[in-house]
Amino acid sequence: MSDINADLEAAINKYSDMLYKICFVILKNEHDTKDVLQDTFLIYYTKKPEFESEDHRKAWLIRVSQNKCREFLRFHKRHASLSLDKIDESEIITNGLNDYEKELLSMIWNMSLKLKSVVILHYIEGYSVDETADILKISSSAVKKRLQRAREQMKTDYEGGLVYEK
């Protein structure tokens, strides 16, 4: 097995679950998520990027997968016959979550892509504000503002009685 094949396999084994969760929350569809992941790893394989560290590799994969999600949503917004807003959460993500966690996921689910991206990276994946800014190629102040808006939206949704319904 060549080095690039071994490297690809190692990246898939290490990061596919994390990337799947991130992309699924954005796309809300298992099959579309798998397509985006396949495209992400295909780009990884064909470009054969060099990385300074393992964190750099992880950030690169997250950025590419989110860009692919954005492209997918843009395309399907123009060409879809079924609105993505009408697609419900899948059992794959919500299975094993308590009602409070399902409600939080539902609130994140309904955010814009800009807010959703920073919330996932900062609160779910545990990146700092500066790391999130670096991954998304935006300023730290933009990350802070988006996190503030996301918290305000979640507070409004919670006070508005948003409850996860199966």
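1. Describing the environment of Asn 110
One can find Asn 110 in the loop between helix H5 (99-109) and helix H6 (113-124). A C-alpha to C-alpha distance of 9.6 Å links Asn 110 and Met 154, two positions 44 residues apart in sequence.

2. Side note on the packing of aromatic side chains
In total, this model carries four aromatic pairs according to the counting rule given. Here the aromatic rings of Phe 51 and Trp 60 are separated by 5.7 Å at their centres, their planes lie at 65 degrees, and the arrangement is edge-to-face. By relative accessible area, which is 17% here, Phe 51 ends up buried. Under the relative-accessibility criterion, Trp 60 is labelled buried at 13%. The ring of Tyr 45 is capped by Lys 48, whose NZ or CZ atom sits 5.5 Å from the centre of that ring.

3. Section: the pattern of salt bridges
Counting across every chain of the model gives five salt bridges. A salt bridge links Arg 57 to Asp 7; the shortest N-O distance between them is 3.3 Å. Taken together, the positions of Arg 57 in helix H3 (residues 54-79) and Asp 7 in helix H1 (residues 3-27) put the pair 50 residues apart, joining distant regions of the chain. On the basis of relative accessible area, Arg 57 is assigned to the buried category, the value being 15%. Among the residues examined, Asp 7 registers a relative accessible area of 26% and is labelled partly exposed. Here Glu 30 and Lys 34 are joined by a salt bridge, their closest N and O atoms 3.1 Å apart. Remark: Lys 34 and Glu 30 occur in helix H2 (residues 30-47); sequence separation between them is four residues, near one turn of the helix. Exposure remark for Lys 34: the relative accessible area of 45% places this residue in the partly exposed category. Overlapping salt bridges, with partners in common, bring together Asp 7, Lys 14, Glu 54 and Arg 57 in one network.

About the criteria used
- Positions within a chain are numbered from 1, following the residues in the order the chain's sequence is written.
- Whole-chain, interface and lining totals are the exception, using all residues; otherwise, since this is a predicted model, local features are given only for residues with pLDDT of at least 70 and side-chain atom pairs are given and counted only at 80 or more.
- With hydrogens and water excluded, all non-hydrogen atoms of the structure serve as input to the side-chain values.
- Each helix is a run of DSSP H or I of at least 4 residues and each strand a run of E of at least 2, with the numbering of both proceeding from the N terminus.
- Each pair of aromatic rings taken from Phe, Tyr and Trp, with Trp reduced to its six-membered ring, is defined by centres within 6.5 Å and is described as stacked if the planes are under 30 degrees apart, edge-to-face if over 60, and tilted in the remaining cases.
- Here's how the labels work: a residue is buried when its accessible area is under 20% of the maximum for its type, exposed when over 50%, partly exposed in between, all with a 1.4 Å probe on protein chains only.
- Put simply, a charge is over a ring when the Lys NZ or the Arg CZ is close to the ring centre, within 6 Å, and near the line of the ring normal, within 35 degrees.
- Salt bridge, as used here, is a side-chain nitrogen of Lys or Arg placed within 4 Å of a carboxyl oxygen of Asp or Glu.

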